[in-house]
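Listed below, chain by chain, are the residues.
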Amino acid sequence: MPNRRSINHRRIQRCGLSHLCIVLAALMAVACGGKGQEVHFLRFEHLLFESPVEKLPAELKSHQAEFNTELFMIAPDVPEYIQTVQEFVEDPVMRDIYRITDSLYHDLGDVERQLGGALGRAYRLYPNMKHIRRFYTMVGGDFITDYRVYTNDIDLCVCLDQYALGAMERYQYFGVPTYMVRTLGREYIVPDCMMTLATPGLPDGEPTLLDYAIAEGKKYYFVEKTLPGIADTILLHYTGEQLDWMEHNEGQVWAWMIENRMLYSTDQSAWRNLVGDAPHTNAFGSGSAPRTAGFIGWKIVRQYAKRSKCTMEELFAERDSRKILTVSQWRP
């Protein structure tokens, strides 16, 4: 049985389809348009792994128009591309990753319905939001990047193997920390898609901790409005214990930010652990919740939206974090 040491991670990284597609997209980008709320995933991994290797060039060529997206361009007439793809699908580890992933996600009907509903709400809340044109899935074999869901604002792709990591214990999860593996199940796919589509942006200049907190808070607010009834643990990627800790200690977190003059600091090295993914927040010990600044930002944004009665578009357009904090009158 393969173990972590026996896996050639460099080869998987080199041959990872996510990297290959991003490079090709940069070289052969084309403008796309259109909109819609019905969701049907085009399964790139099925095309690759279910086609006989010797017929891959012909299969890719016949499906070229179907997968004509900036996210991953198909280049059946480029010999280097074909060689890389054939090596990729013949790799025994990649074939096992595909088998595990497809056993969990062969049918995505429930995900398509949930995502379609969330997008419909998003377009009603934010009419000028760019509509997603097409939806793709892939198995990329690259577990050391943050590419789970990515988009160019009109097409969207889900790297399904990232959401099957929990079933890959024999590969020791490819080095992905267990606290992250916990949040890579089926129930996280649609919320992660909506988080990816939420693009509030940061103010010009060097962002402060408050800027980051408010930006994250806007994303959480967008997701909870487009997925009504979503559990806070799923929305925030918290365990029940982490959520309890955060709710009981938000006053302590806020006071610490104020006392240590972090709120308006632009020194990211000083507060990175307050916003980045981690098993906990270092300043508050091993039993604390991670991403504490984002939680605070979410509470502020909720209160601001309630008091200002702003639309989602107005909320995303407002980049003055101090104004949002002031108008919200939020206090823990």
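Structure's up top.
All values derive from a computational prediction rather than experimental measurement.

A. Inspection of the pairing of strand β2 (residues 134-138) at higher detail. Burial runs high along β2: five of the five residues are buried. Burial along β2 is two-sided: the residues Arg134, Tyr136 and Met138 and Phe135 and Thr137 are all buried. Strand direction decides the pairing type here: strand β1 (residues 41-43) and β2, joined by three bridges, are parallel. Looking across to β2, one finds that arginine 43 is bridged to threonine 137. One ladder, built from five bridges, connects β2 with strand β4 (residues 155-159); its direction is parallel. Paired with arginine 134 across the two strands is aspartate 155, which belongs to β4.

B. Local environment of the sheet that holds β1. Within the open sheet, the four strands sit side by side as β1-β2-β4-β3. Their pairing is mixed. Looking at strand neighbours, the two that pair on one side only are β1 and β3 (149-151), the edges of this open sheet. The mean inter-strand angle of the sheet, taken between neighbouring strand axes irrespective of direction, is 25°.

C. Molecular detail of the layout of surface pockets. Considered as a void within the structure, the largest pocket measures approximately 860 Å³ in volume. Looking at the largest pocket, it is lined by 25 residues, and the ones nearest its centre are Asp146, Arg148, Met195, Glu216 and Lys219. Looking at the lining of the largest pocket, the elements with two or more residues in it are β3, α9 (189-197), α10 (209-226) and α11 (232-236). Its boundaries defined by the atoms lining it, the second largest pocket holds a volume of some 200 Å³. If you go around the second largest pocket, you meet 13 residues; those closest to its centre are Tyr126, Met129, Lys130, Leu197 and Thr199. In terms of residue class, the lining of the second largest pocket is built from eight nonpolar, two polar and three charged.

D. Region of interest: the pattern of salt bridges. In this structure the tally under the stated criterion is 11 salt bridges. A salt bridge links glutamate 318 to lysine 323, with the nearest nitrogen and oxygen atoms 3.1 Å apart. Judged by relative accessible area, which is 17%, glutamate 318 ranks as buried. In this structure lysine 323 comes out as partly exposed when scored by relative accessible area, which is 40%.

E. A look at the packing of helix α14 (residues 292-308) against helix α16 (residues 321-328). Closest axis-to-axis distance for the α14/α16 pair is 8 Å, and the angle between their directions is 70°. One finds that α14 runs roughly perpendicular with respect to α16. For the pair α14 and α16, the crossing hand works out as left-handed. Each of Ile300, Gln303, Tyr304, Arg307 and Ser308 in α14 lies in contact with α16, whose residues at this interface are Ile324, Leu325, Val327 and Ser328. Looking at the contact of α14 with α16, its residues break down into five nonpolar, three polar and one charged.

F. Expanded view of the nonpolar core. In terms of nonpolar packing, the biggest core is built from 108 residues, with Phe44, Leu60, Met194 and Met257 touching the most fellow members. Setting aside residues up to four positions removed in sequence, methionine 194 forms contacts with Leu115, Ala118, Leu119, Ala122, Phe222, Val223, Thr226 and Leu227.

G. Structural view of the pairing of β4. Most of β4 is tucked away, with five of its five residues classed as buried. Neither face of β4 is open: one carries Asp155, Cys157 and Cys159, the other Leu156 and Val158, and all of them are buried. Summarising the sheet, β3 and β4 pair through three bridges and their orientation is antiparallel. Across the sheet, residue valine 149 finds its bridge partner in β4, namely valine 158. Once β3 ends, the chain turns through three residues before running back antiparallel as β4, passing aspartate 153 with a positive phi of about 80°.

Definitions and cut-offs
Residues numbered from 1 in each chain as written. Predicted model: local features only at pLDDT ≥ 70, side-chain atom pairs only at ≥ 80, totals over all residues. Heavy atoms only, no water. Buried < 20%, exposed > 50% of the residue type's maximum accessible area, 1.4 Å probe, protein only. Helix = DSSP H or I, 4+ residues; strand = E, 2+ residues; numbered from the N terminus. Pairing = 2+ DSSP bridges. Axes fitted to C-alpha atoms, helices over the stretch in contact; angles between N-to-C directions. 1 Å grid on protein atoms, 1.4 Å probe; cavity = no way out; pocket = protein on both sides within 12 Å on 5 of 7 lines; lining within 4 Å. Points joined across faces, edges and corners; volume = space filled by probe spheres on them. Nonpolar A, V, L, I, M, F, W, Y, C, P; charged D, E, K, R; others polar. Salt bridge = Lys/Arg side-chain N within 4 Å of Asp/Glu carboxyl O. Parallel < 35°, antiparallel > 145°, perpendicular 65-115°, else oblique. Left-handed = near helix turned anticlockwise from the far one by under 90°. Contact = heavy atoms within 4.5 Å. Core = buried A, V, L, I, M, F, W, Y, C linked by side-chain atoms within 4.5 Å.

Distances and angles like these do not, on their own, reveal function.
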